[in-house]
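If you want the building blocks of each chain, they are given just below.
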Amino acid sequence: MTRRALMAVLGGSAALLLLAVVGCVGAAIRAVGNDPGDTPECRETVRAEEAKVRTKRWDPPEELPGLGDYPEIHWQVRSLSGEPCGRAPGPVDWAYQGVVRLRPADARTLAQRYGFVPYASAVPAPLTSPADAWPALAPFLPAAPRWLHSRAYDEVNPATRWRTAFLDVEHRTLFFTLQDH
């Protein structure tokens, strides 16, 4: 076989291989896009669940230590990454935000136990703050808060989720964010 013929055969084989790879990738994309779990009904259910403001006590309570027997909580959950309606591989990461109304003694004890300081002086500054509260939770925040922050509270065990918390002792309010990691 001449060099020219060999190059033609190799070039043709490479083109066929490329077409086969592109075809397989396209089929995989179509299969994921036509995922039976990825339906308008599923997406609507996820949106409804994310919009819901829950008032059930936080479970497990160890994820928000030192709150005592609080009288009120409002919290929400949202999908951060991954596809809750898809069957594609990969985990779904979730974010949670909540507002907890504490008993007066529990708010004072929490502030002292974990060394909460005025938020303006928190170094390094946390990535989220009560200003980032989701709209459905904003009505449960105090009108004129004096937020305190504690890096020690954010890092206390169990550290199964990334946690940031802000405390207003005067209004007996704790705002928290948790993220799966």
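Calculation rules
Residues numbered from 1 in each chain as written. Predicted model: local features only at pLDDT ≥ 70, side-chain atom pairs only at ≥ 80, totals over all residues. Heavy atoms only, no water. Helix = DSSP H or I, 4+ residues; strand = E, 2+ residues; numbered from the N terminus. Buried < 20%, exposed > 50% of the residue type's maximum accessible area, 1.4 Å probe, protein only. Contact = heavy atoms within 4.5 Å. Areas by Shrake-Rupley, 256 points an atom, 1.4 Å probe, with all protein chains shown as cover. Pairing = 2+ DSSP bridges. Axes fitted to C-alpha atoms, helices over the stretch in contact; angles between N-to-C directions. Core = buried A, V, L, I, M, F, W, Y, C linked by side-chain atoms within 4.5 Å. pLDDT = per-residue confidence, 0-100.

Caption draft 1: Molecular detail of the overall build of the protein chain. Helices and strands together make up the secondary structure of the protein chain, namely four helices and six strands. The secondary structure elements of the protein chain, listed N-terminal to C-terminal, are α-α-β-β-α-β-β-α-β-β. Here the protein chain, with 181 residues, has 32% of them falling under the buried criterion. Contacts in the protein chain between residues at least 24 apart in sequence constitute 64% of all its contacts with a sequence separation of at least 6. On the protein chain, roughly 11,000 Å² of surface is accessible, and the fraction owed to carbon and sulfur atoms is 61%.

Caption draft 2: Summary view of the sheet that holds strand β4 (residues 148–149). An order of β1-β2-β6-β5-β4-β3 is seen for the six strands of this open sheet, with the pairing classed as antiparallel. Where the open sheet ends on each side, the last strands, each with one partner, are β1 (72–81) and β3 (117–118). Across the sheet, helix α2 (residues 40–51) touches β1 and β2 (93–101), and the angle it forms with β1 is around 145°.

Caption draft 3: Representation of the nonpolar core. In this structure, Trp58, Leu67, Leu102, Leu110, Tyr153, Leu174 and Phe176 are the most contacted members of the largest nonpolar core, which totals 22 residues. In this structure, Ala95, Ala133, Trp147 and Phe166 belong to the second largest nonpolar core, which totals nine residues.

Caption draft 4: Summary view of the confidence of the model for the protein chain. Predicted confidence across the protein chain gives a mean pLDDT of 80, with 71% of residues reaching 70 or more. Summarising per-element confidence for the protein chain, the mean pLDDT is lowest in helix α1 (residues 3–33) (42) and highest in helix α3 (residues 104–113) (98). The model gives residues 5–33 a pLDDT under 50, and that stretch makes three contacts with residues more than four places away or in other chains.

Caption draft 5: Main features of the environment of Ala105. Summarising the element assignment, Ala105 is placed in helix α3. The exposure class of Ala105 is partly exposed, given its relative accessible area of 42%. Sequence separation between Ala105 and Gly68 is 37 residues, and the spatial gap between their C-alpha atoms is 9.1 Å.

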